[in-house]
Amino acid sequence: MSKQALRGAGLAAVALAVAGCAVNDEIYVSSFTDSHGRACTFVYTAQEGESYGEGRDVDVSQLDCEYAPPGQSPGPSTTTRLDSVPGR
């Protein structure tokens, strides 16, 4: 597992502990390269609306951006879904 993936998983654990996600929340860790060449990672939760016509509620947190070490470039953009309930 890459350092960035480990950091993303750690950020997701922090987000879960702080936010106290509901059972039907979906949690994602996304990474991308910004316009300055920094590798960025963020955690977000998404929950479908409870009633007809209500949109999806998305909460973004834990944005972290860093430049790649000299001689390396950031990897491709990724989004990974994490389970909000252990053992699910």
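Shown above is the structure to which this text applies.
What this report covers is the structure whose coordinates are included nearby.

Overview of the overall build of the protein chain
Within the protein chain one finds one helix and four strands. Counted from the first residue to the last, the protein chain has its helices and strands arranged as α-β-β-β-β. Out of the 88 residues in the protein chain, the part that is buried amounts to 24%. A separation threshold of at least 6 residues defines the contact pool for the protein chain, and within that pool the share at least 24 residues apart is 50%. Summed over its atoms, the accessible surface of the protein chain is roughly 6000 Å², and 55% of this surface lies on carbon and sulfur atoms.

What to know about the packing of aromatic side chains
Taken as a whole and assessed by the stated rule, the structure comprises three aromatic pairs. For the ring pair Tyr28 and Tyr44, a centre distance of 5.0 Å and an interplane angle of 15 degrees mean the geometry is stacked. Of this pair, Tyr28 sits in strand 1 (residues 26-33) while Tyr44 sits in strand 2 (residues 38-47), and the two are 16 residues apart along the sequence. One exposure class covers both Tyr28 and Tyr44, and it is buried. A ring pair is formed by Phe32 and Phe42, whose centres lie 5.9 Å apart and whose planes are at 65 degrees; its orientation type is edge-to-face. Of this pair, Phe32 sits in strand 1 while Phe42 sits in strand 2, and the two are ten residues apart along the sequence. Here Phe32 falls in the partly exposed class, since its relative accessible area comes to 30%. Given the relative accessible area of 17%, Phe42 is considered buried.

Calculation criteria
Residues numbered from 1 in each chain as written. Predicted model: local features only at pLDDT ≥ 70, side-chain atom pairs only at ≥ 80, totals over all residues. Heavy atoms only, no water. Helix = DSSP H or I, 4+ residues; strand = E, 2+ residues; numbered from the N terminus. Buried < 20%, exposed > 50% of the residue type's maximum accessible area, 1.4 Å probe, protein only. Contact = heavy atoms within 4.5 Å. Areas by Shrake-Rupley, 256 points an atom, 1.4 Å probe, with all protein chains shown as cover. Phe/Tyr/Trp six-rings, centres within 6.5 Å; stacked < 30°, edge-to-face > 60°.

As far as function goes, none of this settles anything; it's purely spatial.
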